[in-house]
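Below are the chains, spelled out letter by letter.
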Amino acid sequence: MSELRFSELRGEEVVYAIHRQERTFLPARDHCPLDATLPGRPLTEIPFPSFQIAVFDNRFPAFEAPIGAAEVVVYTDDHDASFATLAPERVEMLMWVWRHRYAELGARADIDYVYIFENRGVEVGVTLHHPHGQIYGYPFLPPVPALELAADRRLGGCAPCALLARELADGRRILFENDSVVVYVPYAARWAYEAHVVMREHRPSLLQCEPDELRALGSALQTLVRGYDALFEERFPYVMAVHQAPTVGAARGAHAAAVAGHGHLHVEFYPPLRTAEKLKYLAGSEQGAGTFISDTLPEESAAELREAIARAT
Amino acid sequence: MYPRGMAGKPAEPPPSDRPPGTDDQADAHAPGGEREPQHECSGPVAIARHLKGDGRALILYTREEPPSA
């Protein structure tokens, strides 16, 4: 089991999951643990000859019951697929799977925050290429969601609602929108091609979304990822981070007053590429001072991404 | 091991107040797994719960999909 230590200097938790050092690392194509288990072949994590979406407890968890959770979400049994190439029906189905996991993990008293995410590409540390995401159930409120709560207080209401209104009024960084979702490069993007996928209405989490909104969210996510892949005509690495309201543990614990009524479902993408060949590294200013230095203006990145999305659709 | 009393927050069983559509029962059966799967739904998606050989949970989600072109 992991060990949690609080860094007084940073005011943040650090998780020591030393058993993860042994986790499977870029296995050969025919030894993928996320494939279905075919007759006569070694057992994988999913002991069935086919499946649509599978969720299982991570074999090398950063968190595990009774103090948190770490799950793997396998999008398909097609090893060579990606989020971008899934059928629209499968993407919509994934939204329902996320919703189910948020409901179930979020109802646990030991979990303060349910964080759904996908790491894509070796550039962001992927160790398995099979299309999949992960879910962490944190037994504390992590710093980034806490910052979003602080933004609510600073702006005197729902920060994502206020920022969405600003982006719509400005318009220069909007990538596309549909009835339920708006996608834009944020005014103060840290990453060159960072994008936020934001529910148009105030929805604290997937649980408050109507079925049409879930479909629209999945469609928007896939449209963006296809645009990313068209940008440099190669599979685009990113971290996809689903931000929602803190859950039962936080509502009952030390953060109860701070989290009540807060949260606005949105999905943030952090791509590490700043050009087709160059990665953005977190170096002196970013790591030592906590200040991002960007080589690209968000308005220019948005224009490039709009063209890429148009090519991809 | 979690210091500072973190172990004092026990896990709870799955919620009884799940959102609409998450607790409908169905009758489908799937092969494999180490215990009889329990069947539920999340909206249009059927849920089948299993336990892996080492005790970890495995959930399979299934939905009727149009055939691939």
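Parameters at a glance
- Residues numbered from 1 in each chain as written.
- Chains lettered and ligands numbered in written order.
- Predicted model: local features only at pLDDT ≥ 70, side-chain atom pairs only at ≥ 80, totals over all residues.
- Helix = DSSP H or I, 4+ residues; strand = E, 2+ residues; numbered from the N terminus.
- Buried ≥ 20, exposed ≤ 12 C-beta atoms within 10 Å, placed from the backbone.
- Contact = placed C-beta atoms within 7 Å.
- pLDDT = per-residue confidence, 0-100.
- Axes fitted to C-alpha atoms, helices over the stretch in contact; angles between N-to-C directions.
- Left-handed = near helix turned anticlockwise from the far one by under 90°.
- Nonpolar A, V, L, I, M, F, W, Y, C, P; charged D, E, K, R; others polar.
- Pairing = 2+ DSSP bridges.
- Core = buried A, V, L, I, M, F, W, Y, C linked by C-beta atoms within 7 Å.

### Regarding the overall build of chain B
From N to C terminus, chain B includes zero helices and three strands. When the elements of chain B are put in sequence order from the N terminus, they spell out β-β-β. Expressed as a percentage of the 69 residues in chain B, the buried residues total 19%. Taking the contacts inside chain B whose residues are at least 6 apart along the sequence as the reference set, 2% of them involve residues at least 24 apart.

### Topic: unusual backbone geometry
Residue and element names in this part refer to chain A. P66 follows A65 through a cis peptide bond whose omega is 10°. By the secondary structure assignment, P66 is in the loop between β3 (53-57) and β4 (69-74). Non-glycine residue E233 carries a positive phi angle of around 55°. Along the chain, the position of E233 falls in the loop between α4 (211-231) and β10 (238-243). Overall, E233 belongs to the exposed group, with 10 C-beta atoms counted inside 10 Å.

### Focus: the confidence of the model for chain B
Caution applies to low-pLDDT parts of the model: their predicted coordinates are not meant to be read in detail. Residue and element names in this part refer to chain B. On average, residues of chain B score 60 in pLDDT, and 36% of them reach the 70 mark or higher. Least confident of the elements in chain B is strand β1 (residues 39-42), whose mean pLDDT is 86; most confident is strand β3 (residues 57-62), at 98. Segment residues 1-34: pLDDT under 50, and 65 contacts once partners within four positions in sequence are set aside and those in other chains are kept.

### Quick word on the packing of helix α1 (residues 88-106) of chain A against α4(A)
Angle between the axes and distance between the axes are the two parameters that describe a pair of packed helices. All names here are of chain A. Where α1 contacts α4, the axes come no closer than 8 Å and their chain directions differ by 120°. α4 is crossed by α1, and the crossing has right-handed handedness. Residues P88, V91, E92, L94, M95, W96 and R99 of α1 lie in contact with α4, whose contacting residues are L214, R215, L217, G218, S219 and Q222. Broken down by class, the residue content of the contact of α1 with α4 amounts to seven nonpolar, three polar and three charged.

### Some points on the environment of A257(A)
Along the polypeptide, A257(A) turns up in helix α6 (residues 256-259). A257(A) sits 94 residues away from L163(A) along the chain, and the two C-alpha atoms are 23 Å apart.

### Section: the pairing of strand β9 (residues 195-199) of chain A
All names here are of chain A. Counting buried positions along β9 yields five of five residues, so the element is predominantly enclosed. By the alternation rule, side chains of β9 split into A195, V197 and M199 and H196 and V198, which are all buried. Bridge analysis of β9 against strand β11 (residues 266-270) gives four bridges, and the strand direction is antiparallel. Counterpart to H196 in the pairing with β11 is E268.

### Digging into the nonpolar core
Within soluble globular proteins, side chains that are nonpolar tend to cluster in buried spots. All names here are of chain A. In terms of nonpolar packing, the biggest core is built from 84 residues, with I53, V97, L175, A195, V197, L224 and L305 touching the most fellow members. Per element, the largest residue contribution to this core is ten residues, and it comes from α1. With near-sequence residues (within four places) excluded, L224 lies in contact with L175, V183, A195, V197 and F269.

### Some words on the environment of C161(A)
All names here are of chain A. Here C161 shows up in helix α3 (residues 159-170). C161 sits in the partly exposed class, given 16 other C-beta atoms within 10 Å. C-alpha separation for the pair C161 and E201, spaced 40 residues apart in sequence, amounts to 7.9 Å. Among all residues touching C161, those that are not within four sequence positions of it are H202 and H264.

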